[in-house]
Amino acid sequence: MISIQGLRKSFGSMEVIKNVDLDIEQGKVVVIIGPSGSGKSTLLRCLNVLETPNGGIISIDDQQLDFNKSVSKKAIGAFRQLTGMVFQGYNLFPHLTAMGNVTEGLTTVKGQSKKEAEKTAGQLLAKVGLADHKEKYPYQLSGGQEQRVAIARALAMDPKVMLFDEPTSALDPELVNEVLRVMKDLAHEGMTMAVVTHEMRFAQEVADEVIFIDGGVIVERGAPADIFNNPQHERTKKFLSLLQ
Amino acid sequence: MFLNSIALSPERIQRLQEIASTSIGPLIEGAIKFTIPLAIITFIIGLIIAIFTALARISSSKILRGIARVYVSIIRGTPLLVQLFIIFYGLPTIGVVIDPFPSAVIGFSLNVGAYASEIIRAAILSIPKGQWEAAYSIGMNYSQALRKIVLPQAARVSVPPLSNSFIGLVKDTSLAATILVAETFRRAQEIASMNYEFLFVYTMAALVYWVICFILSIIQGRIEGRLDRFVGKSGGLS
Ligand SMILES: Nc1ncnc2c1ncn2[C@@H]1O[C@H](COP(=O)(O)OP(=O)(O)OP(=O)(O)O)[C@@H](O)[C@H]1O
Ligand SMILES: [Mg+2]
């Protein structure tokens, strides 16, 4: 289970995440929605500690980072391995094949042998439907395939929670579903997930909870049906009406 | 014309043929024993210096950044010839005597280190931030991300400018003649000072450099072709 308490993040004098509390239970899928610049990416990046929060406590299972004190680089490195991150722009390593992208973390970070790593990577690439594309370089793959490699790369580290930051926003419409399909499968297997997305159908079908954030605070949260059909706050209503 | 009459004189042609056949050996020997080894050794040492200098320049430590910047500024802001003279003729006056070849190695390595560090620094900075983030997100630390993800990509970006530096270095090694390294150009000076055929002998020396650089440019093309494999057409890195 993930727990965030009193999370704060500023860029210079601009406060982007303002005292956010959020719990995500084991195996649950949380979809985060909100207007541009509301802090969705920053929230996910704080969980992956790609941004160092200015304050707050983040814990995943029994591991905890307390940003109200100073946190060592080593602790951050260890904590990062608990989360898998999938970026909007895939960020695959262009000099490595699909296989290399997935094995790199296993060999370099986990110290596995190449053979061991390739076995795991082969299974994961098959799982995301890319068994036939193992030896291709990123430039030889479509956007949807690249993003699926990126998902396999994150899964390889065996994270407790997967973080997705607009994973389909950069994709041509016909490629969106193949990525959502993989994410749905993951959700059904019981992976804990936090997903920033504009795919409202995905949210309705898969999310256990939808969180609407605006101006760095959680404005409203609830079951997808409640948030979409019966929003309580003006800001949520306005945001949802703009999506139609 | 005057030039023609010289060129057409049979005695002169014979004399030049003799000079050519007796001096080509020493010139090539100078290239094989000194010019090429000097270029290769200093390029390797220089690259190592350059990588550390580049890393120092982008590091978060003010002191490291400062040291690296001063080093690069001094080397780039002073003539290579003057640097070589300081090492070879200057240092002995304070009791530091270094032989010609090692002096040249020191001088040229420091030079390559400073210039190549700028190339490597630019190459590292050209790698998108998302690559570092993706590396960190799978749990890599700074040095792992650097070695496994960023430097391999930066290397590809810096191959064209670095091979140009290497070709430039081969030509610059002729300056080592001034500190008594018996490389190609110094051999040419010695030969020409005996037969006074300056135009002919120096042209032969030029030809030796040109052949070396021509071969290098072919190798450069091969390496770039190999590296392009990873990017394909969409990479836009080269
Ligand atoms: N590295 C940074 N330096 C300075 N400001 C930043 C940085 N990253 C984000 N911000 C600012 O923080 C605010 C929140 O950004 P964030 O990327 O979290 O928004 P978002 O909700 O993900 O928006 P979008 O839907 O456009 O992706 C924005 O105003 C943004 O300009
Ligand atoms: Mg965002």
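As recorded by an unreviewed UniProt entry, chain B carries the name L-cystine ABC superfamily ATP binding cassette transporter, membrane protein and is attributed to Sporosarcina newyorkensis 2681. One UniProt comment on chain B, placed under Sequence similarities (unreviewed entry), says "Belongs to the binding-protein-dependent transport system permease family." You can read under Subcellular location (unreviewed entry) in the UniProt record for chain B the words "Cell membrane".

The name that an unreviewed UniProt entry assigns to chain A is Amino acid ABC superfamily ATP binding cassette transporter, ABC protein, with the source organism given as Sporosarcina newyorkensis 2681. According to its UniProt record, chain A has this under Subcellular location (unreviewed entry): "Cell membrane".

Turning our attention to the overall build of chain A. Counting its regular elements, chain A contains 9 helices and 10 strands. Over its C-alpha trace chain A gives a radius of gyration of 18 Å, about what one expects of a compact globule, namely 18 Å for 244 residues. Taking all 244 residues of chain A together, the buried fraction comes to 58%. Within the structure as shown, chain A displays about 10700 Å² of accessible surface, and the carbon and sulfur contribution to it stands at 44%. In chain A, 27 side chains carry a positive charge and 30 a negative one; their mean positions are 4 Å apart.

A word on the overall build of chain B. Counting secondary structure elements, chain B contains 9 helices and 0 strands. Beginning at the N terminus, the succession of helices and strands in chain B can be written as α-α-α-α-α-α-α-α-α. The C-alpha atoms of chain B give a radius of gyration of 22 Å, which is well past the 18 Å a tight globule of 238 residues would have. In terms of overall dimensions, chain B has a C-alpha envelope of 75 × 55 × 30 Å along the principal axes. Burial status across chain B gives 42% buried among its 238 residues. For chain B, the accessible area works out to roughly 12700 Å², and carbon and sulfur atoms hold 70% of it. Of the charged side chains in chain B, 20 are positive and 12 negative, and the gap between their average positions amounts to 16 Å.

Another aspect to go through is the sheet that holds strand S7 (residues 161–165) of chain A. Strands in a sheet are paired, the pairing made by backbone hydrogen bonds, and the direction either parallel or antiparallel. Residue and element names in this part refer to chain A. Strand order in the open sheet made by the 6 strands is S6-S7-S8-S3-S9-S10, with mixed pairing throughout. What marks the edges here is a single partner per strand, and that holds for strand S6 (83–86) and strand S10 (217–222). Shown here is a sheet whose adjacent strand axes are inclined to one another by a mean of 20 degrees, direction ignored. Across 4 bridges, S6 lies against S7 in parallel orientation. Looking across to S7, one finds that Thr 83 is bridged to Val 161. Here helix H5 (residues 143–156) sits on the sheet and contacts S6 and S7; the angle it forms with S6, its principal contact strand, is near 170 degrees.

Another point: the site of ligand 1. Residues and elements named next belong to chain A. Around ligand 1, the neighbouring residues are Phe 11, Met 14, Val 16, Pro 35, Ser 36, Gly 37, Ser 38, Gly 39, Lys 40, Ser 41, Thr 42 and Glu 166. Backbone polar atom of Ser 38 to an oxygen atom of ligand 1: 3.2 Å apart, as the coordinates give it. The contact in question runs from an oxygen atom of ligand 1 to an N or O atom on the side chain of Lys 40, over 2.7 Å. In the complex, the protein chains occlude 60% of the 630 Å² of accessible area that ligand 1 would expose alone. The set of elements that each furnish at least two residues to the shell around ligand 1 consists of strand S2 (14–24) and helix H1 (40–47). Here the shell around ligand 1 gets 3 residues from one element, more than from any other, and that element is H1. In the shell around ligand 1, the residues fall into 4 nonpolar, 6 polar and 2 charged.

Moving on, we get to the environment of Ser 23 of chain B. Residue and element names in this part refer to chain B. By the secondary structure assignment, Ser 23 is in helix H2 (residues 10–57). Overall, the relative accessible area of 2% leaves Ser 23 in the buried class. Considered as a pair, Ser 23 and Val 170 are 147 residues apart in the sequence and their alpha carbons are 20 Å apart.

Moving on, we come to the nonpolar core. Grouped together as the largest cluster of nonpolar side chains are 138 residues, with contacts concentrated most on Ile 33, Leu 125, Ile 151, Met 162, Phe 164, Met 183 and Met 193 of chain A. Per-element tally for this core: the top contributor is helix H7 (residues 142–172) of chain B, with 11 residues. Leaving out residues up to four positions away in the same chain, Ile 33 of chain A has contacts with Lys 40, Thr 197, Met 200, Val 210, Ile 211, Phe 212, Ile 213, Phe 228, Phe 239 and Leu 240 of chain A.

Another aspect to go through is the UniProt feature "domain: ABC transmembrane type-1" (unreviewed entry) in chain B. On the UniProt side, "domain: ABC transmembrane type-1" (unreviewed entry) is annotated at positions that read residues 32–220 of chain B here. End-to-end, the C-alpha atoms of residues 32–220 of chain B are 20 Å apart, and along that stretch the chain is 82% helix and 0% strand.

Rules of the game
Residues numbered from 1 in each chain as written. Chains lettered and ligands numbered in written order. Predicted model: local features only at pLDDT ≥ 70, side-chain atom pairs only at ≥ 80, totals over all residues. Heavy atoms only, no water. UniProt positions renumbered as here; feature names shortened; annotations may be inferred. Helix = DSSP H or I, 4+ residues; strand = E, 2+ residues; numbered from the N terminus. Rg over C-alpha atoms; globule rule 2.2 N^0.38 Å. Buried < 20%, exposed > 50% of the residue type's maximum accessible area, 1.4 Å probe, protein only. Areas by Shrake-Rupley, 256 points an atom, 1.4 Å probe, with all protein chains shown as cover. Lys, Arg positive; Asp, Glu negative; His and termini not counted. Charge placed at Lys NZ, Arg CZ, Asp CG, Glu CD. Pairing = 2+ DSSP bridges. Axes fitted to C-alpha atoms, helices over the stretch in contact; angles between N-to-C directions. Contact = heavy atoms within 4.5 Å. Near = heavy atom within 4 Å. Polar contact = N/O pair within 3.5 Å; in protein donor to acceptor, adjacent residues only side chain to side chain. Nonpolar A, V, L, I, M, F, W, Y, C, P; charged D, E, K, R; others polar. Core = buried A, V, L, I, M, F, W, Y, C linked by side-chain atoms within 4.5 Å.

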